[in-house]
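# Breakdown of the fold
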Amino acid sequence: MLSLGNKLGSAVPLSRKPESDSELHIELCASRSIRTFSPRRVTQGFMMAQRQVNNSPFLKPFFLKPPMCSPSHSRQRRHTLPASEFRNLTPQDAISVFEIEREAFVSVSGECPLTLKEVLNFLGQCPELSLGWFEEGQLVAFIIGSGWDKERLSQDAMTTHVPETPTVHIHVLSVHRHCRQQGKGSVLLWRYLQYLRCLPGLRRALLICEEFLVPFYRKAGFKEKGPSAITVAQMSFTEMEYLLGGAVFERRNSGC
């Protein structure tokens, strides 16, 4: 048996003469019990390293989230207008206002509370005393008011606006025919009265209505002041009053 002496120390027995340098290296490794790694050991080592990565809060891999599927074109909004909006009216809304008013009142009483000219006049002089309810950009209900400076309403109050007074005269409340019997009139009136509470100097609201509408306004908080001196086409009315002052809690929680 041949032996090879080298700088590593004692002689290393060789079973046969190595035919190449690579075989010589393998024989040396085997003779000194140097561990070699089989494919199975490599796989186990990789799995152990992977578990260490997963258990470390700083070494955990992250993955980009896939983009969310965009909704189909049919489910997207076709416009950017708010679904429901309350705002003051402007002269540009006069045509829509008059069309709703004419359809609502002419078919019942034959008379409009306000002509188109009067609508334009009030929306130009005191737009802050009006309120419109818009759904997807379309006017569905409105209230128009003006200022008044007397204790009771008179015929002049139907066409006159007196600025900087503590009394608001509510001329008309009307709802589009396709939106009636849905409670929109009550909601709009409540919003309008809460809005008036936020305007400085206002103390009360006055209106006239036919007898069959008295329960509606009474339910909203109005009180009867008696028969009105105003007549329109031989129709008689009841005058009603709503006090805006003295309700601090409601004013504080009205969203103003």
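See the structure printed just above.
Figured I'd write up the structure that's included with this text. Numbers given for residues are sequential positions, taken from 1 along each chain in its written order. Per-residue local features are limited, in this predicted model, to residues with pLDDT of at least 70; the limit for side-chain atom pairs, both in listing and counting, is 80 or more; totals at the level of whole chains, interfaces and linings are taken over all residues. In computing side-chain properties, one takes all heavy atoms of the structure into account and sets aside hydrogens as well as water.

Only buried residues count toward a nonpolar core. Its members are Ala, Val, Leu, Ile, Met, Phe, Trp, Tyr and Cys residues joined through side-chain atoms within 4.5 Å. For the exposure calls, accessible area comes from a 1.4 Å probe over protein chains only, and a residue counts as buried if that area is under 20% of its type's maximum, exposed if over 50%, partly exposed in between. Core analysis: the largest hydrophobic core is formed by 41 residues, its most contacted members being I144, L196 and F222. By residue number, the principal contributor to this core is strand β5 (residues 138–148), which donates 6 residues. Pairs of residues are marked as contacts when any of their non-hydrogen atoms sit within 4.5 Å. Contact partners of L196, with chain neighbours within four places excluded, come to L129, V168, L202, A205 and L244. The next biggest cluster of nonpolar side chains, apart from the first, holds 10 residues, and it includes L153, L206, I230 and M235. Helix and strand definitions here come from DSSP, where helices need a minimum of 4 consecutive H or I residues and strands a minimum of 2 consecutive E residues; each element is numbered from the N-terminal end.

Definitions used throughout: a 1 Å grid over protein atoms alone; a cavity as a set of points that fits a 1.4 Å probe which cannot get out; a pocket as an open set with protein on both sides within 12 Å along at least five of seven lines; a lining residue as one with an atom within 4 Å of a point. Grid points are joined across faces, edges and corners, and a volume is the space filled by probe spheres set on the points. The computed volume of the largest pocket comes to approximately 990 Å³. In this structure, the largest pocket is lined by 36 residues; those nearest its centre are F105, L173, S174, L213 and Y217. Contributions of two or more residues to the lining of the largest pocket are made by α3 (94–106), β6 (167–175), α5 (184–197), β7 (204–209) and α6 (214–219). With 7 residues, the top contributor of residues to the lining of the largest pocket is β6. Taken together, the residues of the lining of the largest pocket sort by class into 21 nonpolar, 10 polar and 5 charged. Charged residues are taken to be Asp, Glu, Lys and Arg, nonpolar residues to be Ala, Val, Leu, Ile, Met, Phe, Trp, Tyr, Cys and Pro, and polar residues to be all remaining types, Gly included.

Packed helix pairs are characterised by how far apart their axes lie and by the angle those axes make with each other. Where helices are involved, their axes are fitted lines through C-alpha atoms of the stretch in contact, as for all axes, and angles between N-to-C directions lie from 0 to 180°. For the pair α3 and helix α4 (residues 116–125), interaxial distance at closest approach is 10 Å and the crossing angle is 135°. In terms of their interaxial angle, α3 and α4 are classed as oblique. Handedness of the α3/α4 crossing: right-handed. From α3, A94, I95, V97, F98 and E101 reach across to α4, where they touch L116, V119, L120 and L123. Class assignment of the residues belonging to the contact of α3 with α4 gives a composition of 8 nonpolar, no polar and 1 charged. Should an angle fall under 35 degrees it is called roughly parallel, over 145 degrees roughly antiparallel, and 65 to 115 degrees roughly perpendicular, with every other angle called oblique. Rotating anticlockwise by less than a right angle from the far helix to the near helix defines a left-handed crossing, while the corresponding clockwise rotation defines a right-handed one.

Now for the environment of L244. Tracing the sequence through the fold places L244 in the loop between β9 (238–243) and α7 (248–252). In this structure the C-alpha to C-alpha distance between L244 and P166, which are 78 residues apart in sequence, comes to 9.7 Å.

A pair of Phe, Tyr and Trp rings is counted when the ring centres sit within 6.5 Å of each other, with Trp represented by its six-membered ring. The angle between the planes then sorts it: under 30 degrees is stacked, over 60 is edge-to-face, the rest tilted. The final tally for this structure, using the stated rule, is 4 aromatic pairs. An angle of 80° between the planes, with centres 5.6 Å apart, marks the rings of Y217 and F222 as edge-to-face. Through successive ring pairs, a cluster of aromatic residues spans F216, Y217, F222 and Y242. Criterion for a charge above a ring: Arg CZ or Lys NZ at most 6 Å from the ring centre, at most 35 degrees from the ring normal. Taking NZ or CZ as reference, K184 lies 5.2 Å from the ring centre of W133, over its face.

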